[in-house]
Amino acid sequence: MDDVVIIGGSFAGLAGALQLGRARRKVTVLDTGLPRNRFAGHSHGLLGHDHKPPLDILAEARQQLARYPTVKLVNARAESVSGAIDDFSVITSDGETLRARRLILSYGVIDQMPDVPGFAEGWGKSIVPCPYCDGFEVAGQHWGLVWSGRQSHNQVRLFHDWTDRLTVFADGHDIPPDIRADLTRRNTPVVDGRIIEIAHHGGHNATVKLDTGPNVAVDILFAHPRNKPAASLHESLGLATVDTPLGIILKVDERRETSMPGIYAAGDLANPLTPPSVTLASSHGAMAGIFAQQSMLV
């Protein structure tokens, strides 16, 4: 029996495995090799790894974990989970059954691309969600923001640390008059109409095509599509969730433990903050690993 099975081997899952491996706990990490930020050319803001391709960072992390004999990395999906604290059972896509005293869920979320030509193709390149990840490289340039709800108003305030040239695309949303007035006060124009296509020109540059009015060219376009958990294991387990403006996440306490004793969660799957952050994912993954280990002390 493993001490811990970690489901999801991106930044959060591997950070948890590192802490557990250093505590000489027996760990199996299940991963499908499809991290959320695989579309990005570079990852920013992670101390010691700034401006490295995210897949390179993860590959290096896996190599470093190889020095810990109690950590096993398995390229497989967790198909089902059952049991209770001290006796969980995980069935993998390879047909193997793993047993563990604790579980860490770090299988992340999937961004749900809108049915707009060019959106999925530009995701992670000319269309991005996170100014902390990409803002420095395009600071002072013309930014666009696809409105997704009231939370976008805070994004406008946030973006002004990077640029004074921002255009908001309403994309069919009814932006309240008080918010429109504030956007006017901030010299932030609002372009009405629905986005029907996004054309890309290499690098971050994009042209937003609308069903009414002229096209608008921007140097980078920020958008926050809804997301959903990358697996449904939490549903079968009946874990408590939180409905955020962008999607469902798992509810955890200050020790990263979910509503079921012995199951912890980390990464974007349990992060109520936007935008996403590899730094937070790594930190929360390490916390989940440490608290899972401490919960097994006798």
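Cut-offs applied
- Residues numbered from 1 in each chain as written.
- Predicted model: local features only at pLDDT ≥ 70, side-chain atom pairs only at ≥ 80, totals over all residues.
- Heavy atoms only, no water.
- Helix = DSSP H or I, 4+ residues; strand = E, 2+ residues; numbered from the N terminus.
- Rg over C-alpha atoms; globule rule 2.2 N^0.38 Å.
- Contact = heavy atoms within 4.5 Å.
- Areas by Shrake-Rupley, 256 points an atom, 1.4 Å probe, with all protein chains shown as cover.
- 1 Å grid on protein atoms, 1.4 Å probe; cavity = no way out; pocket = protein on both sides within 12 Å on 5 of 7 lines; lining within 4 Å.
- Points joined across faces, edges and corners; volume = space filled by probe spheres on them.
- Nonpolar A, V, L, I, M, F, W, Y, C, P; charged D, E, K, R; others polar.
- Buried < 20%, exposed > 50% of the residue type's maximum accessible area, 1.4 Å probe, protein only.
- Core = buried A, V, L, I, M, F, W, Y, C linked by side-chain atoms within 4.5 Å.
- Pairing = 2+ DSSP bridges.
- Axes fitted to C-alpha atoms, helices over the stretch in contact; angles between N-to-C directions.

In the annotation of an unreviewed UniProt entry, the protein is listed under the name Thioredoxin reductase and assigned to Mesorhizobium salmacidum.

(A) Main features of the overall build of the protein. Of regular secondary structure, the protein possesses 8 helices and 19 strands. For 298 residues, the compact-globule estimate of 2.2 N^0.38 gives 19 Å, and the C-alpha radius of gyration of the protein, at 21 Å, lies within 12% of that figure. Along the longest, intermediate and shortest principal axes, the C-alpha atoms of the protein span 65 × 35 × 30 Å. Considering only residue pairs separated by 6 or more positions, the protein has 57% of its internal contacts joining residues 24 or more positions apart. Here the protein displays about 13,900 Å² of accessible surface, and carbon together with sulfur accounts for 52% of that area.

(B) Spotlight on the layout of surface pockets. Within this model, the largest pocket holds a volume of roughly 970 Å³. As for the largest pocket, its lining consists of 50 residues, of which L34, P35, R36, N37 and V109 are closest to the centre. Looking at the lining of the largest pocket, the elements with two or more residues in it are α1 (11-22), β2 (27-31), β7 (109-111), α4 (131-134) and α8 (278-295). Reported here for the second largest pocket is a volume of approximately 330 Å³. If you trace the second largest pocket, you find 19 residues lining it, with P114, V146, W147, D171 and H173 closest to the centre. Broken down by class, the residue content of the lining of the second largest pocket amounts to 11 nonpolar, 5 polar and 3 charged.

(C) Representation of unusual backbone geometry in the model. A positive phi is found at D86, a non-glycine position, where the angle reads about 75 degrees. Residue class for D86 comes out partly exposed when judged on its relative accessible area of 36%. Even without being glycine, N187 reaches a positive phi, approximately 55 degrees. Mapping N187 onto the fold places it in the loop between α6 (177-185) and β11 (190-191).

(D) Seen up close, the nonpolar core. Counting 24 residues, the largest nonpolar core has V4, I6, F11 and I104 as its most contacted members. Mapped onto this core, the elements with two or more residues apiece are β1 (2-7), α1, β2, α2 (54-65) and α8. Beyond its immediate sequence surroundings of up to four residues, V4 is in contact with L20, K26, V27, T28, A100, R102, L103, I104, A292 and M296. Counting 23 residues, the second largest nonpolar core, distinct from the first, contains F88, L105, Y107 and L233.

(E) How the structure looks around the sheet that holds strand β14 (residues 216-218). Across the sheet, which stays open at both edges, the 3 strands sit in the order β12-β13-β14 with antiparallel pairing between neighbours. In this open sheet, the two edge strands, each paired with only one partner strand, are β12 (195-200) and β14. Pairwise comparison of adjacent strand axes, ignoring direction, gives a mean angle of 25 degrees for this sheet. Pairing between β12 and strand β13 (residues 206-210): 5 bridges, direction antiparallel. Looking across to β13, one finds that I198 is bridged to V208.

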